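# What the coordinates show
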Amino acid sequence: MKLKLRYLLILTSTLTALARDAHTTPQTIAQSVGDRVVVTKENARFLLYLGSNARWLVDRRHGVVSAWALEEERPLWSSSGVVFRLNPASNRDIQNAANLKFSTPRPTTEIFGRVYLFLDDITGLSDNEPPPSLKKNLLIALDPRAQGRLVWRRRAEDFALFFAPQERNVLCFRNEVVPLPNDELLVQVQGKRKVKRFALDAATGAFRLLDD
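Residues numbered from 1 in each chain as written. Predicted model: local features only at pLDDT ≥ 70, side-chain atom pairs only at ≥ 80, totals over all residues. Heavy atoms only, no water.

It is worth spelling out the overall build of the protein at this point. Tallying secondary structure elements over the protein gives two helices and 15 strands in all. Within the protein, the fraction of its 212 residues that count as buried is 43%. Long-range contacts, defined as pairs at least 24 residues apart, comprise 48% of the intrachain contacts of the protein with a sequence gap of at least 6. When the accessible surface of the protein is totalled, it reaches about 12000 Å², and 52% of it is carbon and sulfur. (Helix = DSSP H or I, 4+ residues; strand = E, 2+ residues; numbered from the N terminus. Buried < 20%, exposed > 50% of the residue type's maximum accessible area, 1.4 Å probe, protein only. Contact = heavy atoms within 4.5 Å. Areas by Shrake-Rupley, 256 points an atom, 1.4 Å probe, with all protein chains shown as cover.)

In structure tokens form, the structure reads like this:
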């Protein structure tokens, strides 16, 4: 009975978040900072996330995540702070403390001791191509207890089997990761017209369809 009640509460909060997202344009998002509301552009190159023990700077153009101290302009765990690089062959240091000052922090999703971040999968894009549009088609899990080590990654295309062929070319993650019982996560994948929910194993990223 307790598990059913907990699951019902989780689903209620998720549906509330979806209703809120439905009234938010894809280009902007409003955030409360102190006593003022700041509207940030979703297509910005740098996104800053505030966690419990680090600030996570995401460079969407190059697919790089770096970790920074909470109250100092100091990278964590290395000279550049880089903990994830979508293209391992690229060793360019493109992180800069100035990007922290001009970015409005967003709350980091932290569940089961891990940090979950959405990125644009820029694999295959050259340096001369423009930055990708907002897609959120890559989800990564990082472990702050292990210096930001990558635990697993999931691409939205991994879930293509559960969508009709005409839905598969625009798959992306919805901006919600919610805890479920038994160390699982609830994630939502958006197709061209449909949204489907999946349960992901928090330790491995293995997934199963929750509804059809």
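Here the narrative resumes.
Moving on, we come to the packing of aromatic side chains. As enumerated under the stated definition, the model contains nine aromatic pairs in all. Ring centres 4.2 Å apart and planes at 40° place the aromatic pair Phe159 and Phe207 in the tilted group. Taken together, the residues span a long stretch of sequence, with Phe159 in the loop between β11 (149-155) and β12 (172-180) and Phe207 in strand β15 (residues 207-209) at a distance of 48 residues. A residue is classified by how much of its surface remains accessible, and Phe159, at 0% relative accessible area, is buried. Given the relative accessible area of 25%, Phe207 is considered partly exposed. Considering the side-chain rings of Phe198 and Phe207, the 6.1 Å spacing of their centres and the 90° angle between planes classify their relative orientation as edge-to-face. Taking relative accessible area as the criterion, Phe198 reaches 0% and is therefore assigned buried. The structure contains a cluster of three or more aromatic residues connected by ring pairs, namely Phe118, Phe159, Phe162, Phe173, Phe198 and Phe207. (Phe/Tyr/Trp six-rings, centres within 6.5 Å; stacked < 30°, edge-to-face > 60°.)

Let us now look at the pattern of salt bridges. Inspection of the entire model under this criterion finds eight salt bridges. One salt bridge connects Glu72 with Arg74, and the closest N-O pair in it is separated by 3.6 Å. Using a relative accessible area of 43% as the deciding quantity, one classes Glu72 as partly exposed. Look at Arg74 and you get partly exposed, because its relative accessible area is 39%. A salt bridge links Asp143 to Arg145, with the shortest nitrogen-to-oxygen separation between them at 3.1 Å. Exposure remark for Arg145: the relative accessible area of 60% places this residue in the exposed category. (Salt bridge = Lys/Arg side-chain N within 4 Å of Asp/Glu carboxyl O.)

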